[in-house]
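Spelled out, the chains give:
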Amino acid sequence: MARRTATTANAILGLLALRKEWSSWELTTQLRRNMRFFWPRAESQIYEEVKALATRGWARDRQTFVGERARTSYTITAAGRRALEAWLSTPPKPTALECEPLLRVFLADFATPEQFQVSLDQVRADAKAILDVGRVVGAEYLAGTAPFQDQVHVRALVFDFLSSHARMLNDWADRTELAAAAWKRTSPTARDQSACASIKRVLDTYPGR
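These notes cover the structure that comes with them. Quick caveat: nothing in here was measured; it's all calculated off a predicted structure. (Residues numbered from 1 in each chain as written. Predicted model: local features only at pLDDT ≥ 70, side-chain atom pairs only at ≥ 80, totals over all residues. Heavy atoms only, no water.)

**Some words on a nonpolar patch on the surface**
To keep it simple, the criterion reads: Patches in this entry comprise residues that are over 30% relatively accessible and not in a salt bridge; like charges within 9 Å are linked, as are nonpolar side chains (Val, Leu, Ile, Met, Phe, Trp, Tyr) within 5 Å. A 1.4 Å probe and the Shrake-Rupley method give the accessible areas. Residues count as covered only by the protein chains that appear here. Any carboxyl oxygen of Asp or Glu within 4 Å of a side-chain nitrogen of Lys or Arg constitutes a salt bridge here. Per the convention used, a helix needs a DSSP run of H or I reaching at least four residues, while a strand needs a run of E reaching at least two, with both numbered from the N terminus.
A grouping of Leu103, Phe106, Leu107 and Phe110 is seen on the molecular surface, where their side chains present a nonpolar patch of about 530 Å² in accessible area. With respect to the secondary-structure elements, Leu103 resides in helix 5 (residues 100-106).

Below you can see the structure in the form of structure tokens.
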């Protein structure tokens, strides 16, 4: 099993371990709620992954009917818990950043100003999506009504990470927009000097200096 697929499988096992039983729809809803911001997966892949867990004996499926509509629910097995524990005992792979808007900024000399702006707009939209969910989820935990209120001590750490990431995206988009706007008013030499000054300011904030 490929490492990326294995990690997705273990993410689902982790959810199964939190509750006695989950339907496929409930699993997808939970993944879409907040995990999508740090481990995004297409809905169709989630359905296939949880079926594969049942095939491997790591989950047990149960089919019921609501009227004529079939509903499949999954429960983690003892073998699934052992697989989850084994995965957690291994070191995680390094953090990887995948950001197409940043790739397009990297190639900004080949883009029009309008295309450049679209990339920044997408970064802001990504930040807004995280913060919109955060406002709902955070309020639920403070009110004591979150679906996994007993996990608040862990979820607060993830909430902090994602909220900080979203604010960073917004701040970076603002700084980048200002820098790009100045390009029109300055010579190439002045532009490059300003860029080097920006790099120095960032370097001066590095820890250990």
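Additional details are given in the paragraphs that follow.
**Considerations on helix 6 (residues 113-143)**
As a reminder of what qualifies: Each helix should span, by expectation, one fewer than its residue count multiplied by 1.5 Å. The contact criterion used throughout is that any non-hydrogen atoms of two residues lie within 4.5 Å.
Taking 1.5 Å per residue, 31 residues should reach 45 Å; helix 6 reaches 45 Å between its end C-alpha atoms and fits that length. On its buried face, helix 6 is in contact with helix 2 (24-33), helix 5 and helix 7 (152-183). Gly144, located one to two residues past helix 6, shows a positive phi value of around 80 degrees.

**Points about the pattern of salt bridges**
Pairing between side chains of opposite charge can happen when their charged atoms approach one another. Per the counting criterion, the structure on display carries twelve salt bridges. Note that Glu100 and Arg104 form a salt bridge whose closest N and O atoms lie 2.7 Å from each other. A residue pair is termed a helical-turn pair when its members lie 3 or 4 positions apart in one helix, as Glu100 and Arg104 do in helix 5 at four residues. One salt bridge connects Glu177 with Arg124, and the closest N-O pair in it is separated by 3.1 Å. Here the residue Glu177 occupies a position in helix 7, and Arg124 occupies one in helix 6, the gap between them amounting to 53 residues. Salt bridges linked by common partners bring Arg19, Glu26 and Arg71 together as one network.

**Section: the nonpolar core**
Using the following cut-off: Working definition of a nonpolar core: buried Ala, Val, Leu, Ile, Met, Phe, Trp, Tyr and Cys residues. They are joined through side-chain atoms within 4.5 Å. Working definition: with a 1.4 Å probe on protein chains only, accessible area under 20% of the residue-type maximum means buried, over 50% means exposed, and in between means partly exposed.
The biggest cluster of nonpolar side chains holds 24 residues, and the ones touching the most others in it are Ile12, Leu13, Leu16, Leu27 and Leu53. At the level of elements, helix 1 (3-18), helix 2, helix 3 (43-56), strand 3 (69-76), helix 4 (78-88) and helix 6 are the ones that each hand at least two residues to this core. Core analysis: the next-biggest nonpolar cluster, separate from the first, contains seven residues, Val123, Ile130, Leu162 and Ala166 among them.

**Some details on the packing of helix 6 against helix 7**
The criterion, for reference: Axis geometry follows a simple rule: fit a line to the C-alpha atoms, using only the stretch in contact for helices, then measure angles between N-to-C directions, giving values from 0 to 180 degrees. An angle below 35 degrees is treated as roughly parallel, one above 145 as roughly antiparallel, one from 65 to 115 as roughly perpendicular, and anything else as oblique. Left-handed describes a crossing whose near helix is turned anticlockwise from the far helix by less than a right angle; the clockwise case is right-handed. Classification convention: Asp, Glu, Lys, Arg as charged; Ala, Val, Leu, Ile, Met, Phe, Trp, Tyr, Cys, Pro as nonpolar; all other residues, Gly among them, as polar.
At a minimum axis separation of 9 Å, helix 6 and helix 7 run at an interaxial angle of 155 degrees. Judged by the inter-axis angle, helix 6 sits roughly antiparallel to helix 7. Remark: the crossing between helix 6 and helix 7 carries left-handed chirality. Of the residues that constitute the contact of helix 6 with helix 7, the class distribution is 15 nonpolar, seven polar and five charged.

**Observations regarding the packing of aromatic side chains**
The condition that has to hold: Each aromatic pair joins two rings of Phe, Tyr and Trp (for Trp, the six-membered one) with centres within 6.5 Å, and gets the label stacked for planes under 30 degrees apart, edge-to-face for over 60, and tilted for any other angle. Consider the ring centre and the ring normal. A charge sits over the ring if Lys NZ or Arg CZ is within 6 Å of that centre and within 35 degrees of that normal.
Applying the stated criterion across every chain yields a total of two aromatic pairs. Between the aromatic rings of Trp22 and Phe148, the centroid separation amounts to 5.7 Å while the plane-to-plane angle is 20 degrees, which identifies the pairing as stacked. Of this pair, Trp22 sits in strand 1 (residues 22-23) while Phe148 sits in the loop between helix 6 and helix 7, placing them 126 residues apart in sequence. Neither Trp22 nor Phe148 differs from the other in exposure class; each is buried. We note Arg19 situated over the ring of Trp22; from NZ or CZ to the ring centre the distance is 4.2 Å. Above the ring of Trp58, the side-chain terminus of Arg56 is found at 4.1 Å from the ring centroid.

**Regarding the side chain of Ser23**
Residue placement: Ser23 occurs in strand 1. When sequence neighbours within four positions are dropped, the list of residues in contact with Ser23 reads Arg71, Thr72 and Ser73.

**Quick notes on the pairing of strand 3**
Our working rule: Following DSSP output, two strands are said to pair if at least two bridges run between them.
Bridge count between strand 1 and strand 3: two bridges; the pairing is antiparallel. Each bridged residue has a counterpart across the sheet, and for Trp22 the counterpart in strand 3 is Tyr74. As paired elements, strand 2 (residues 59-66) and strand 3 share eight bridges and run antiparallel to each other. When the bridges of strand 3 are listed, Asp61 appears paired with Tyr74.

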